Amino acid sequence: MLHQTPGLIEEIRSRFAHVDACPFQGPRIFFENAGGALTLNTVVDTSAKFAAIPDNQGRDNVASHALVDIINRAKANLSVFMNASEGQFFVGESGTELLFRMIRTACVNAPKGGKVIGSSIEHPASRSAARRWAEIAGLDYVNVPHDDATGLVTAEDYAALMTPDVAVATILHASPVTGMGMDVAAIARVIRAVAPDCFIIVDGIQHAAHGQMDIDSYDVDGYAISPYKVFSRHGYGIAWISDRLTALPHDQLIDAPANGWEFGTRDTGSYAAMSDVVGYFDWLGGQVSEETDRRDRIRAAGHAIHAYETHLTNAMINGTGNLPGLSDMDHITILAGADNPAREGLVSITVEDFPSADVVTRLNQQGIRTHTRKADHYSGNVLTPLGLNDCIRISLCHYNTEHEVAQLLAALKDMKP
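Residues numbered from 1 in each chain as written. Predicted model: local features only at pLDDT ≥ 70, side-chain atom pairs only at ≥ 80, totals over all residues. Heavy atoms only, no water.

1. Looking at the sheet that holds strand E7 (residues 166-172)
- Strand order in the open sheet made by the seven strands is E4-E10-E9-E8-E7-E5-E6, with mixed pairing throughout. Since the sheet does not close on itself, it has two edges, and those belong to strand E4 (88-92) and strand E6 (140-144), each with one partner. Within the sheet, the average angular offset between the axes of one strand and its neighbour, ignoring direction, is 20 degrees.
- Across five bridges, E4 lies against strand E10 (residues 237-241) in antiparallel orientation. The residue bridging Val-91 from the neighbouring strand is Ile-238, located in E10.
- Its contacts with the sheet place helix H5 (residues 124-136) against strand E5 (115-119), E6, E7 and strand E8 (199-203), and it is angled at close to 150 degrees to E6. (Pairing = 2+ DSSP bridges. Helix = DSSP H or I, 4+ residues; strand = E, 2+ residues; numbered from the N terminus. Axes fitted to C-alpha atoms, helices over the stretch in contact; angles between N-to-C directions. Contact = heavy atoms within 4.5 Å.)

Put into structure tokens, the structure is as follows:
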């Protein structure tokens, strides 16, 4: 694991901005990674560099040619990072906006009388888009209920409701409320077994920071991420789309190239910053393995991240040192179960007789950053069936430490009315 290599965690932390202090608050522990991960220092530098460049792509000058090369290099890096040997990457306003565009395109091109299938665990980014465009396109929407106890939806759940007329499907890779990861490849297989031509679109926004994206193995048509949740910055989203989704009639300028999906002049710095992210995973893979192939190093980094984050969440749930874990605290309830192998670096809890917002405030006063999830349009699909108005989301990443987990447990241990 990462913490078993002397000095590695310290080296990892040194590569991120504001890793242990907020520029507004001062010293703090950052357990709000699902709301936006820390930013690589290289991304900060790259963003500043490209913000100063006045030239745009597509012109006949040296700077413009260089910008095009940087964009093409970033797309090639993304292909390695996410293991996508075909299809294309493009940038948009946000991960949510890109999910809407891909889902809209698939729905309006679907055969009349067809169906759209998705699950109740999904973030509204995909669920709202699927429901809206299914109605507009005259398609029936099929909802696959998730398991409240585990915070998961499985391939078997999808299979039970699949029919040959399903034309569009949406899948959530990881939940930002329960923290559980779905088996995208298995879900896609049961969809294609019944409806082989279905367009399958995946929300990978929450999963991306935890590594292990492998598009070639999923057999899907669209995958969206939000770079600010995977060590880059706000202001854009990235989508991968298959060749057959690329070819569908879609919103574009008159007489523009048929395979174009971007609108207007995109920020070269956003692409360049993703090359920084890919480079970081490559570096980390070299620290935890002896792999010589770049993709293999990135895969090794993803496995190491997942293993270490599991170590941290286990310490949080079961205790560390002489501190009891969350599962030992009678006043705390863990959503989706204490022992859930699908967990990806996130634990959501409630504290008996305490509104979640008050718990978040008290933790923040002790320099521990967490977040309240409310039963609103973002999280009500998960919390309302549990009879909860809210919960506290504790989301970590591989630059967090067991010492930080211990400080959280010490703060929650005595947090009683």
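Structure shown, so let's carry the discussion forward.
2. With respect to the packing of aromatic side chains
- Counted under the stated rule, the structure contains 11 aromatic pairs.
- Ring geometry for Phe-16 and Tyr-280: centres 5.3 Å apart, planes at 80 degrees, overall edge-to-face. Of the two residues, Phe-16 is situated in the loop between helix H1 (8-14) and strand E1 (21-22) and Tyr-280 in helix H10 (residues 268-288); the sequence distance between them amounts to 264 residues.
- Classification of Tyr-280 as buried rests on a relative accessible area of 3%.
- Here Tyr-218 and Tyr-223 contribute two aromatic rings whose centre-to-centre distance is 6.2 Å and whose plane-to-plane angle is 20 degrees, an arrangement assigned as stacked.
- Relative accessible area serves as the criterion here: at 0%, Tyr-223 is assigned to the buried category.
- An aromatic cluster of at least three residues, connected via ring pairs, comprises Phe-16, Phe-81, Phe-231, Tyr-280, Phe-281, Trp-283 and Tyr-399.
- Above the plane of the ring of Trp-283 lies Arg-15, whose end atom (NZ or CZ) is 3.7 Å from the centre. (Phe/Tyr/Trp six-rings, centres within 6.5 Å; stacked < 30°, edge-to-face > 60°. Buried < 20%, exposed > 50% of the residue type's maximum accessible area, 1.4 Å probe, protein only. Lys NZ or Arg CZ within 6 Å of the ring centre and 35° of its normal.)

3. So, the pattern of salt bridges
- Per the stated rule, a full pass over the model turns up 14 salt bridges.
- Put simply, Arg-13 and Glu-404 hold a salt bridge, and the shortest N to O gap is 3.4 Å. Residue Arg-13 is located in helix H1, and its partner Glu-404 is located in helix H14 (residues 402-413); the two are separated by 391 residues in the primary sequence. Each member of the pair, Arg-13 together with Glu-404, is buried.
- Notably, a salt bridge pairs Glu-32 with Arg-393, separated by 2.8 Å at the nearest N-O pair. One end of the pair, Glu-32, is in the loop between strand E3 (29-30) and helix H2 (41-51); the other, Arg-393, is in strand E17 (residues 390-395), and 361 residues separate them in sequence. Each member of the pair, Glu-32 together with Arg-393, is buried. (Salt bridge = Lys/Arg side-chain N within 4 Å of Asp/Glu carboxyl O.)

4. Section: the side chain of Ser-289
- Position of Ser-289 among the secondary structure elements: in the loop between H10 and helix H11 (294-318).
- Relative accessible area serves as the criterion here: at 19%, Ser-289 is assigned to the buried category.
- Engagement of the side chain of Ser-289 in a polar contact is seen with the backbone oxygen of Gly-285, the distance being 2.7 Å.
- For Ser-289, the side chain forms a polar contact with the main-chain nitrogen of Glu-291, separated by 3.4 Å. (Polar contact = N/O pair within 3.5 Å; in protein donor to acceptor, adjacent residues only side chain to side chain.)

5. Overview of the pairing of E17
- With respect to burial, E17 is a largely interior element, five of its six residues being buried.
- In the sheet, strand E16 (residues 371-374) pairs with E17 via four bridges, with the strands oriented antiparallel. Each residue of the ladder has a partner; that of Arg-373, found in E17, is Cys-391.

6. Remarks on the environment of Ser-242
- Turning to its location among the elements, Ser-242 is positioned in the loop between E10 and helix H9 (243-246).
- Remark: the alpha-carbon pair of Ser-242 and Ala-84, spanning 158 residues in sequence, is separated by 9.1 Å.
- Once residues within four sequence positions are removed from consideration, Ser-242 is found in contact with Gly-87, Val-220 and Asp-221.
- For Ser-242, the side chain forms a polar contact with the side chain of Asp-221, separated by 2.9 Å.

7. Let's talk about helix H3 (residues 62-81)
- Counted at 1.5 Å a residue, the expected span for H3 with its 20 residues is 28 Å, and the 28 Å between its end C-alpha atoms agrees.
- By the burial criterion, the buried members of H3 are Ser-64, Leu-67, Ile-70, Ile-71, Ala-74, Asn-77, Leu-78 and Phe-81. The buried residues of H3 all sit within an arc of 140 degrees when viewed along its axis, so they share a single face.
- Turning to H3, the residues buried within the fold contact H2, E4, E10, H10 and H11.
- A side-chain oxygen of the first residue of H3 lies 3.0 Å from the backbone nitrogen of Ala-63; this N-cap is Asn-61.
- Immediately downstream of H3, the backbone of Asn-83 shows phi near 55 degrees, a positive value. (Expected span 1.5 Å × (residues − 1). Arc of directions from axis to C-beta.)

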